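# Structure assessment
Next come the chains, spelled out residue by residue.
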Amino acid sequence: MDNTVIVRLMRHAPTKENLEKRYLGWTDAALADISKLSIVDKNVMKVYGSDLRRCRETAAHYFPNATFITDWRLRESNFGEFEGKTYEELKSDHRYCAWLDNPVLSPPPNGEGFAAFCQRVKDGFSALPRDEDDYYVVAHGGVIRALLVEFAPVEQPFWTYNVPHDKMFTLTFSRKAWEEGNRCMSLLEEPIMEKPTML
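Quick look at the structure, then. Worth saying up front: this structure is predicted, and the values here are computed from it rather than measured. (Residues numbered from 1 in each chain as written. Predicted model: local features only at pLDDT ≥ 70, side-chain atom pairs only at ≥ 80, totals over all residues. Heavy atoms only, no water.)

A few words now on the pattern of salt bridges. Applying the stated criterion across every chain yields a total of 17 salt bridges. A salt bridge links D28 to R56, with the nearest nitrogen and oxygen atoms 3.8 Å apart. Of this pair, D28 sits in the loop between α1 (16-19) and β2 (46-49) while R56 sits in helix α2 (residues 53-62), placing them 28 residues apart in sequence. What makes D28 partly exposed here is its relative accessible area of 41%. Two residues, D51 and R75, come together in a salt bridge whose shortest N-O distance is 2.8 Å. With D51 in the loop between β2 and α2 and R75 in the loop between β3 (67-70) and α3 (87-90), the pair connects residues that are 24 residues apart, well separated along the chain. For R75, a relative accessible area of 17% gives the class buried. Residues participating in the shared-partner salt-bridge network are K16, E20, R22 and E89. (Salt bridge = Lys/Arg side-chain N within 4 Å of Asp/Glu carboxyl O. Helix = DSSP H or I, 4+ residues; strand = E, 2+ residues; numbered from the N terminus. Buried < 20%, exposed > 50% of the residue type's maximum accessible area, 1.4 Å probe, protein only.)

In structure tokens:
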């Protein structure tokens, strides 16, 4: 067992709703275009992530030989009545404006509060087995932001992180920090790309 633990966080590939800039939380949408996805690593045997279809499909393409182990707690936030709608459709709704101004105090109607969402994600991440050295996680933009707030080397606000579909966030933990649920010692953001094969 190594003295360091590597966790790679990847957002699922885009859905039609993502491309239309719709709020997409618990709706079980498919990916928009799987033909553009490449294999990231054929040698990865285990991937963790959200149980929603867009994550399952992304993991299946990026890691074709891996078992995908899901946890519903790694789902995106539940946007309630804002689900499936765009900014243009919502901008005159006072409840939406209140949510944009203060998501902590004004959750979406029939949706999930910000603190509850962050705690759910932390619980799901903390439930990963602690005895591995290398983890791949395919999840959602909000989930990755919540994990970076909690585990990045330096604490930063949720919205300071940009989490595009084509980037991977690699967190390197000391074994002790990983086992105790503490912050990682380094964070690297890099493009998601096919791993070079060794000749």
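Here the narrative resumes, following the displayed structure.
On to the sheet that holds strand β4 (residues 134-139). A sheet is described by the order of its strands in space; here 6 strands give the open sequence β3-β2-β4-β1-β5-β6, paired in mixed fashion. The open sheet has two edge strands, β3 and β6 (186-191), and neither has a second partner. Taking each pair of neighbouring strands and ignoring which way they run, the sheet shows an average axis angle of 25 degrees. By the bridge criterion, 6 bridges tie strand β5 (residues 167-174) to β6 in an arrangement that is antiparallel. For M168, the partnering residue across the bridge sits in β6 and is E190. In this fold helix α6 (residues 141-151) packs onto β1 (4-11), β4, β5 and β6, with an angle of close to 150 degrees to the strand it touches most, β1. (Pairing = 2+ DSSP bridges. Axes fitted to C-alpha atoms, helices over the stretch in contact; angles between N-to-C directions. Contact = heavy atoms within 4.5 Å.)

A separate point is the pairing of β2. Of the pairings in the sheet, the one linking β2 to β3 comprises 4 bridges and is parallel in character. When the bridges of β3 are listed, Y48 appears paired with I69. Crossover connection from β2 via α2 to parallel β3: handedness right-handed. Relative to β4, β2 runs parallel, the two being bridged by 2 bridges. When the bridges of β4 are listed, Y48 appears paired with V137. (Right-handed = clockwise from strand over helix to strand, strands pointing away.)

Turning our attention to helix α5 (residues 114-126). Look at α5: 18 Å from first C-alpha to last across 13 residues, which is about the 18 Å you get at 1.5 Å a residue. Among the residues making up α5, those that are buried are F117, R120, V121, G124 and F125. Down the axis, α5 shows its buried residues gathered within 130 degrees of arc, on one side only. (Expected span 1.5 Å × (residues − 1). Arc of directions from axis to C-beta.)

This part covers the packing of aromatic side chains. Applying the stated criterion across every chain yields a total of 19 aromatic pairs. On the numbers, 5.1 Å between centres and 85 degrees between planes, the contact of F114 with F158 is edge-to-face. Of this pair, F114 sits in helix α5 while F158 sits in the loop between α6 and β5; the two residues are 44 residues apart in sequence, bridging distant segments of the chain. The ring centre of W26 lies 4.8 Å from the NZ or CZ of R75, which sits over that ring. (Phe/Tyr/Trp six-rings, centres within 6.5 Å; stacked < 30°, edge-to-face > 60°. Lys NZ or Arg CZ within 6 Å of the ring centre and 35° of its normal.)

A word on the environment of E20. With respect to the helices and strands, the residue E20 is situated in the loop between α1 and β2. What makes E20 partly exposed here is its relative accessible area of 33%. Placed 64 residues apart in sequence, E20 and G84 show a C-alpha to C-alpha distance of 9.6 Å.

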